[in-house]
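# Coordinate analysis (summary)
Below are the chains, spelled out letter by letter.
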Amino acid sequence: PPWGLEGLLQARLRMVSLFPSRGRLSLREVSGSLGDLGTFIPLLLGLARAGGVEPVPALFWAGAFNVLGGLTWDAPMCVQPMKTIAAVGIAEGLSSQQVALAGMMTSAMVLLLGASSAILLVARLVPDAVVRGMQLGLGMSLALKGCALIAADTPHALPPLQTAAGRYAVAGTALCFVLASRHAGERVPSALTLFSVGVLLAAGQLAYAGEPVRFRPVAPALWALSGVDGTDATRALLDAALPQLPLTTLNSVVSVCHLAKQLAPEAKVTPRSVACSVGLINLLGCPFGAMPCCHGAGGLAAQHAFGARRGVSVLFLGGCKMLLALALGGPLVSLLGAFPAPLLGVMLLFSGVELARAGVRLAAAGEEAATVGLVTAAATLSLRTGVGCAVGLLAALASGGLGRACKLLWQGELLQWLREGDAEPPPLLRASSAPPPPAGAPAGAAGGGAAGSVSTAEAERGEPRPRAGGAEEAGTGTV
């Protein structure tokens, strides 16, 4: 009978053929799965505190995306927040409807570009200095938001945190801990440690205030597009989706494929598969409360540096996120609402610093690139993000980019380059900066940072960074 031993064995064989082995779960794979939580936790907390997402659906869908990624590739492909959308949502106060729309718009464009193989064309045509300038401006905006949280009054916090001296003491201790863990070069998940301490302090605050923690079920999905109007769509497109698009194409698709070929060549991670994955998961999840997410080279490097080698690591992480959201939905909402502002401020401060570090390399790209990048950063920091992106593109064109492109087009060199997928761009096309070299496999990782682990923007651009002692570090990126 179909329910007998033979039927069960046949069903098992069919499942094995449908979902091939993703490796054996070991302590090494578990450790590696936590490597990128330092990027995920601060942005989830900050965006939830700003009202951009609901924490339980965002955590549940992030876990579901991890599971889908683990089933798709036998590699530790991370799921990171779309950092531009998250940073804009935190710094400029986007509503949950606008955040969801921005994620859907970006993903629809990435899906279309990936399905038509035009994503590499977009990645080549956007000046690198503009991308780095946007990262610098957004990172500073996020860091300023973190500093504002540290200085903000918290009248309902624990008594030591109600005074300015207490807030600065807690923030200073957390800041020194993160810096010390980075300097030591040990694999210390500083963001995870700060999150655990913050949860304990939040529980103490709820107990001190006499507020009960109710273990009530919270729906893992909710309709996030209720009441959407034209103003929401316009702001989501101009302030978040369009600025996010070049970062996603350059970092979340092109760079992650370069790095995956070195770290997990057998996984066969291709630009088209990654672009389609980014598009589909957000079009599926964002209408139901998911935080806009993507894959990133920095997250892959961080998880690899912490020990992850196979898809089982992200399957484990995704299952834990989903179980946590389902089992502790009510307490999670209460604890996040009482999370100490000084600790969250420090976490956002370092997240902003890591995002801004990509712009530091502008100084090595030449005077023209630095000028375009700094103009972009200043416009992004002082004006809205969409305006900053437009100003940067205009600055690149005015700095000779338009004339160079017309000259190369007239000579036929530009069309030849666009047809050759792996060819390097003509030297005059991107005078703003040189193209990044292929990503290098990380040999180790320094702990700490806002990422709670490996934390630099170079790996997102496919650029390894030398460490003390001759090793190389690839960090969480800036998608």
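Residues numbered from 1 in each chain as written. Predicted model: local features only at pLDDT ≥ 70, side-chain atom pairs only at ≥ 80, totals over all residues. Heavy atoms only, no water.

### Focus: the overall build of the protein
Scanning the protein from terminus to terminus reveals 19 helices and 4 strands. Within the protein, the fraction of its 479 residues that count as buried is 54%. Counting contacts in the protein only where the partners sit at least 6 residues apart, residues at least 24 apart contribute 82% of the total. Within the structure as shown, the protein displays about 19,400 Å² of accessible surface, and the carbon and sulfur contribution to it stands at 68%. (Helix = DSSP H or I, 4+ residues; strand = E, 2+ residues; numbered from the N terminus. Buried < 20%, exposed > 50% of the residue type's maximum accessible area, 1.4 Å probe, protein only. Contact = heavy atoms within 4.5 Å. Areas by Shrake-Rupley, 256 points an atom, 1.4 Å probe, with all protein chains shown as cover.)

### Quick notes on the side chain of Gln97
Inspection of the secondary structure assignment puts Gln97 in helix 6 (residues 96–115). Accessibility expressed as a relative area gives 18% for Gln97, which makes it buried. Within polar-contact distance, the side chain of Gln97 engages the backbone oxygen of Ser226 at 3.1 Å. The contact partners of Gln97, leaving out residues within four places of it in the chain, are Ala224, Leu225, Ser226 and Val228. (Polar contact = N/O pair within 3.5 Å; in protein donor to acceptor, adjacent residues only side chain to side chain.)

### Thoughts on the pattern of salt bridges
Summed over the entire model, instances satisfying the criterion amount to 3 salt bridges. For Arg310, the salt bridge identified is with Asp74, shortest N-O distance 2.7 Å. One end of the pair, Arg310, is in the loop between helix 13 (297–305) and helix 14 (312–327); the other, Asp74, is in the loop between helix 4 (55–72) and strand 1 (80–81), with 236 residues separating them in the sequence. You can call Arg310 partly exposed: its relative accessible area is 29%. In this structure Asp74 comes out as buried when scored by relative accessible area, which is 12%. Arg167 is the salt-bridge partner of Asp153, the closest N and O atoms lying 3.3 Å from each other. Placement of Asp153 in the loop between helix 8 (128–151) and helix 9 (164–184) and of Arg167 in helix 9 is noted, with a sequence separation of 14 residues between them. Owing to a relative accessible area of 3%, Arg167 belongs among the buried residues under this scheme. (Salt bridge = Lys/Arg side-chain N within 4 Å of Asp/Glu carboxyl O.)

### A short note on the nonpolar core
Among the nonpolar cores identified, the biggest contains 83 residues, and Phe40, Val53, Met77, Val269 and Val274 are the most heavily contacted of them. Ranked by residue count, the leading element in this core is helix 11 (residues 230–263), at 9 residues. Residues in contact with Phe40, not counting those within four places in the same chain, are Leu59, Ala62, Val79, Pro81, Met291 and Lys321. (Core = buried A, V, L, I, M, F, W, Y, C linked by side-chain atoms within 4.5 Å.)

### Remarks on the packing of aromatic side chains
Counting across every chain of the model gives 5 aromatic pairs. Between the aromatic rings of Phe195 and Phe339, the centroid separation amounts to 6.0 Å while the plane-to-plane angle is 20 degrees, which identifies the pairing as stacked. Of this pair, Phe195 sits in helix 10 (residues 190–209) while Phe339 sits in the loop between helix 15 (329–337) and helix 16 (341–356), placing them 144 residues apart in sequence. For Phe195, a relative accessible area of 21% puts it in the partly exposed group. What makes Phe339 buried here is its relative accessible area of 4%. Members of the aromatic cluster, joined through ring pairs, are Phe60, Trp61, Phe65, Trp223 and Phe288. If you follow Lys321 out to its NZ or CZ, it ends over the ring of Phe40, 4.1 Å from the centre. (Phe/Tyr/Trp six-rings, centres within 6.5 Å; stacked < 30°, edge-to-face > 60°. Lys NZ or Arg CZ within 6 Å of the ring centre and 35° of its normal.)

### Observations concerning a nonpolar patch on the surface
Taken together, the side chains of Met140, Leu144 and Leu381 make up a nonpolar region of the molecular surface, amounting to roughly 260 Å² of accessible area. Inspection of the secondary structure puts Leu144 in helix 8. (Patch = residues over 30% accessible without salt bridge, like charges linked within 9 Å, V, L, I, M, F, W, Y side chains within 5 Å.)

### Quick notes on helix 6
The end-to-end C-alpha separation of helix 6 is 28 Å, in line with the 28 Å expected for 20 residues at 1.5 Å each. The element helix 6 is largely enclosed, with a buried count of 14 among its 20 residues. (Expected span 1.5 Å × (residues − 1).)

### Focus on the confidence of the model for the protein
Per-residue pLDDT for the protein has a mean of 75; in total, 73% of the residues score no lower than 70. Every residue in residues 427–479 is under pLDDT 50, and counting partners more than four places away or in other chains gives 213 contacts. (pLDDT = per-residue confidence, 0-100.)

### Re the side chain of Thr106
Tracing the sequence through the fold places Thr106 in helix 6. What makes Thr106 buried here is its relative accessible area of 0%. Those residues within four positions of Thr106 in sequence are excluded, and the remaining contacts are Met82, Ile85, Ala241, Gln244, Leu245 and Thr248.

### Focus on the packing of helix 8 against helix 11
Their axes nearest at 10 Å, the elements helix 8 and helix 11 cross at an angle of 115 degrees. On the basis of their axis angle, the class for helix 8 and helix 11 is roughly perpendicular. Crossing of helix 8 against helix 11: the hand is left-handed. For the pair helix 8 and helix 11, contact is made by Val131, Met134 and Gln135 and by Pro243, Pro246, Leu247, Leu250 and Asn251, respectively. When grouped by side-chain class, the residues that make up the contact of helix 8 with helix 11 number 6 nonpolar, 2 polar and no charged. (Axes fitted to C-alpha atoms, helices over the stretch in contact; angles between N-to-C directions. Parallel < 35°, antiparallel > 145°, perpendicular 65-115°, else oblique. Left-handed = near helix turned anticlockwise from the far one by under 90°. Nonpolar A, V, L, I, M, F, W, Y, C, P; charged D, E, K, R; others polar.)

### Focus on the packing of helix 4 against helix 14
For any two helices packed against each other, the geometry comes down to the angle between their axes and how far apart the axes lie. Here helix 4 crosses helix 14 at 155 degrees, and the two axes come no closer than 7 Å. Between helix 4 and helix 14, the angle is such that the two are roughly antiparallel. As helix 4 packs across helix 14, the resulting crossing turns out to be left-handed. Residues Val56, Leu59, Phe60, Ala62, Gly63, Ala64, Asn66, Val67, Gly70 and Leu71 of helix 4 pack against Val314, Leu315, Leu317, Gly318, Gly319, Lys321, Met322, Leu324, Ala325 and Leu326 of helix 14.

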